[in-house]
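One letter stands for each residue in the lines below.
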Amino acid sequence: MHTRPISNLQSPTPETHSPTTSPFLAACWRQPTDVTPVWFMRQAGRYMPEYRALREKYGLLEMMRIPELAAQVTLMPLRLGVDTLILFADILLPLVALGFDLTFVPGKGPVLDPPLRNADDVARLRPVKVEEALGYVLETVHLVRAAVEGRVPLIGFAGAPFTLASYAIEGGSSRHYLRTKRLMYEDPQTWHAFMDRLADVTLAYLRAQVRAGAQAIQLFDSWVGALSPADYRAYVLPYSQRILDGLADLGVPRIHFGTGTAGMLPLLREAGGDVIGVDWRIDLDRAWALVGYDVGIQGNLDPVVLLAPREVIAREVRRILRQANGRPGHIFNLGHGILPETPVENVAFVVEMVHQMTIDDGR
Ligand code: CP3
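Residues numbered from 1 in each chain as written. Predicted model: local features only at pLDDT ≥ 70, side-chain atom pairs only at ≥ 80, totals over all residues. Heavy atoms only, no water.

> Mind showing me how you'd approach the site of the ligand here?
Not every one of the 25 residues close to the ligand is listed here, only the nearest: Arg42, Tyr51, Arg55, Ser222 and His336. Within the backbone of Arg42, one N or O atom sits 2.6 Å away from an oxygen atom of the ligand. Tyr51 places a polar side-chain atom, nitrogen or oxygen, 2.6 Å from an oxygen atom of the ligand. In isolation the ligand exposes 880 Å². Once the protein is present, 91% of that is buried. Residue assignment for the shell around the ligand shows that the elements contributing at least two residues are helix H2 (49–55), helix H3 (60–65) and strand E3 (109–113). Looking at the shell around the ligand residue by residue, the class counts come to 17 nonpolar, 4 polar and 4 charged. (Near = heavy atom within 4 Å. Polar contact = N/O pair within 3.5 Å; in protein donor to acceptor, adjacent residues only side chain to side chain. Areas by Shrake-Rupley, 256 points an atom, 1.4 Å probe, with all protein chains shown as cover. Helix = DSSP H or I, 4+ residues; strand = E, 2+ residues; numbered from the N terminus. Nonpolar A, V, L, I, M, F, W, Y, C, P; charged D, E, K, R; others polar.)

> How should I be thinking about the nonpolar core in this particular structure?
General note: in soluble globular proteins, nonpolar side chains tend to be found buried as a group. The biggest cluster of nonpolar side chains holds 127 residues, and the ones touching the most others in it are Leu95, Trp191, Phe194 and Tyr232. Element by element, the count of residues in this core is highest for helix H11 (residues 188–212), at 12 residues. Apart from residues no more than four positions distant in its own chain, Trp191 is found in contact with Phe162, Ala165, Ile169, Thr180, Leu183, Met184, Tyr235 and Val236. (Core = buried A, V, L, I, M, F, W, Y, C linked by side-chain atoms within 4.5 Å. Buried < 20%, exposed > 50% of the residue type's maximum accessible area, 1.4 Å probe, protein only. Contact = heavy atoms within 4.5 Å.)

> Would you mind showing me how to read the side chain of Ser240 here?
Along the chain, Ser240 turns up in helix H12 (residues 229–245). Discounting chain neighbours no more than four positions away, the residues touching Ser240 are Ala160, Pro161, Leu219, Asp221, Tyr232, His256 and Ala271.

> Whenever I open this one, H11 confuses me. Can you help?
The α-helix winds at 3.6 residues per turn, so residues separated by three or four positions along the chain end up facing the same way. Compared with the 36 Å implied by 1.5 Å per residue over 25 residues, the 36 Å span of H11 between its first and last C-alpha is a close match. Phi turns positive, to about 135°, at Gly213, one or two residues after H11. (Expected span 1.5 Å × (residues − 1).)

> Any chance you could explain the sheet that holds strand E6 (residues 254–258) here in plain terms?
Sheet strands pair by backbone hydrogen bonding; their relative direction is either parallel or antiparallel. Judged by pairing direction, the sheet is parallel, and its 7 strands sit side by side in the order E1-E4-E5-E6-E7-E8-E9 without closing on themselves. In this open sheet, the two edge strands, each paired with only one partner strand, are strand E1 (85–86) and strand E9 (330–334). Sheet strands in contact with H12 are strand E5 (216–221) and E6, and its direction is about 165° off that of E5. (Pairing = 2+ DSSP bridges. Axes fitted to C-alpha atoms, helices over the stretch in contact; angles between N-to-C directions.)

> How should helix H14 (residues 284–291) be read in this particular structure?
For H14, the set of buried residues is Leu284, Ala287, Trp288 and Val291. Viewed end-on, H14 has its buried residues packed into an arc of 100°, placing them on one side of the element. Against helix H13 (265–271), strand E7 (275–277), strand E8 (296–301), helix H15 (310–324) and E9 lie the buried residues of H14. Phi for Gly292, located one or two positions after H14, is positive at around 100°. (Arc of directions from axis to C-beta.)

> Mind showing me how you'd approach the environment of Glu149 here?
With respect to the secondary-structure elements, Glu149 resides in the loop between helix H8 (135–148) and strand E4 (154–159). As a C-alpha pair, Glu149 and Phe100 span 49 residues in sequence and 36 Å in three-dimensional space.

> Explain the packing of helix H9 (residues 161–170) against helix H10 (residues 178–186) to me, please; I cannot follow it from the model alone.
Geometry of a packed helix pair, given as the angle between the helix axes and the separation of the axes. Put simply, H9 and H10 touch, their axes get as near as 8 Å, and they point 105° apart. Between H9 and H10, the angle falls in the class roughly perpendicular. Across from Phe162, Ser166, Ile169 and Glu170 in H9, the residues of H10 making contact are Leu178, Arg179, Thr180 and Leu183. When grouped by side-chain class, the residues that make up the contact of H9 with H10 number 4 nonpolar, 2 polar and 2 charged. (Parallel < 35°, antiparallel > 145°, perpendicular 65-115°, else oblique.)

> Looking at this structure, I do not really get the packing of aromatic side chains. What am I missing?
To describe a pair of aromatic rings, one takes the distance between the centres and the angle between the planes. In this structure the tally under the stated criterion is 7 aromatic pairs. On the basis of an interplanar angle of 75° and a centroid distance of 5.7 Å, the ring pair of Phe220 and Phe257 is categorised as edge-to-face. Here Phe220 is found in strand E5, whereas its partner Phe257 is found in strand E6, with 37 residues between them in sequence. Judged by relative accessible area, Phe220 falls into the buried class, the value being 12%. Assessed through its relative accessible area of 1%, Phe257 is described here as buried. Put simply, the rings of Phe157, Phe220 and Phe257 pair up and form one aromatic cluster. When the ring centre of Phe349 is taken as reference, the NZ or CZ atom of Arg310 above it lies at 4.3 Å. Against the face of Tyr293 rests Arg327, its NZ or CZ located 3.6 Å from the ring centre. (Phe/Tyr/Trp six-rings, centres within 6.5 Å; stacked < 30°, edge-to-face > 60°. Lys NZ or Arg CZ within 6 Å of the ring centre and 35° of its normal.)

> Can you help me understand the pattern of salt bridges in this one?
Taken as a whole, this structure holds 14 salt bridges when the rule is applied. Close ionic contact of Arg281 with Asp279 constitutes a salt bridge, the shortest N to O distance being 2.4 Å. (Salt bridge = Lys/Arg side-chain N within 4 Å of Asp/Glu carboxyl O.)

> I would appreciate a short explanation of the pairing of E9 in the present structure.
Remember that side chains alternate between the two faces of the sheet whenever the strand is regular. The element E9 is extensively covered by neighbouring structure, given that 5 of its 5 residues are classed as buried. Because side chains alternate across E9, one face comprises the buried residues His330, Phe332 and Leu334, and the other comprises Ile331 and Asn333, equally buried. Here E8 runs beside E9; their pairing, made up of 5 bridges, is parallel. Considered in E9, the bridge of Asn300 is made with Asn333.

Spelled out as structure tokens, the structure:
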């Protein structure tokens, strides 16, 4: 494993990434922009031929752990014209630092071993010094910032405590989150102890990413929509809130993302974030009204639309832009990650279309 020391990392030329030069950063702060900024969750991945070519030679974790490779992959979507990059890493990496063994099993997804099931398992979690355990990610941030030369900013990210806990407790992906919710209900003390550890590590990790040069952060609570609003408030909100509040002094915009959150958007907003990311199961205008116009909104094209005929793509992009209604603070994105089957040309087409349509708008 590559664990290079990365002390003394400083962001190169921070002044080149002010909101005045980046429509993405401006929109995060709800400032007017010439074009609606656009990027895609999972924009560096298997749908790109150059990614697949590299993947033939390296394992997924290997690529993430070699900063030169991770930086190379992070930069790949530049050719599509996106307005920001997102670090090539995975939300599950901090679980490795905590002592879980992580493998990606073809056809099955991530496997975490051994799964966490009780108080003893929480007591066994390793202490984490993020600069050491996740230094390779911080080194990647540094390399990307140096290579991108101010063209677009770089988003750092982490998984939110609930989504991370679900992978650790289920031992991988899940449909009903049975074990996760059972631990929550049967042994709340252990649940809270685990969430507390996850929140601490995540906050330290995100702060380190920003120190290394990340200019925005996204907190992925991908699976939080599995919870009732009451359970979200009782078992999850305080931890996500602690992380988001704990980043406030750094001055970088915080994007708070989840799927299936239509029934709990005011709670997500209460937990924090300068921008709330939503999926396609709710109309963007309704979602924005629910979270409030004093935060930005990110979303919310159904990723499957990228596999549809061009006229359908165009219609759906238009519909989302119409719902955003030219209000400053919209960042165009999918409602969830890009699918491996997606034609690359369609991704470039959406970037072009979002930019063009917002220019035609006369802004
Ligand atoms: O967005 C980006 O381009 C940045 C990189 C990124 C990855 N994972 C790389 C990756 C980001 C932001 C993530 C986040 C992530 N990882 C989430 C939250 C976002 C979401 O989609 O909900 C989750 C839940 C994970 C966990 C994870 N990692 C899963 C479920 C999988 C799929 C497993 C599989 O077998 O396909 C991964 C693997 C993964 N992470 C890939 C990539 C590009 C697949 C690539 C490959 O196999 O080469």
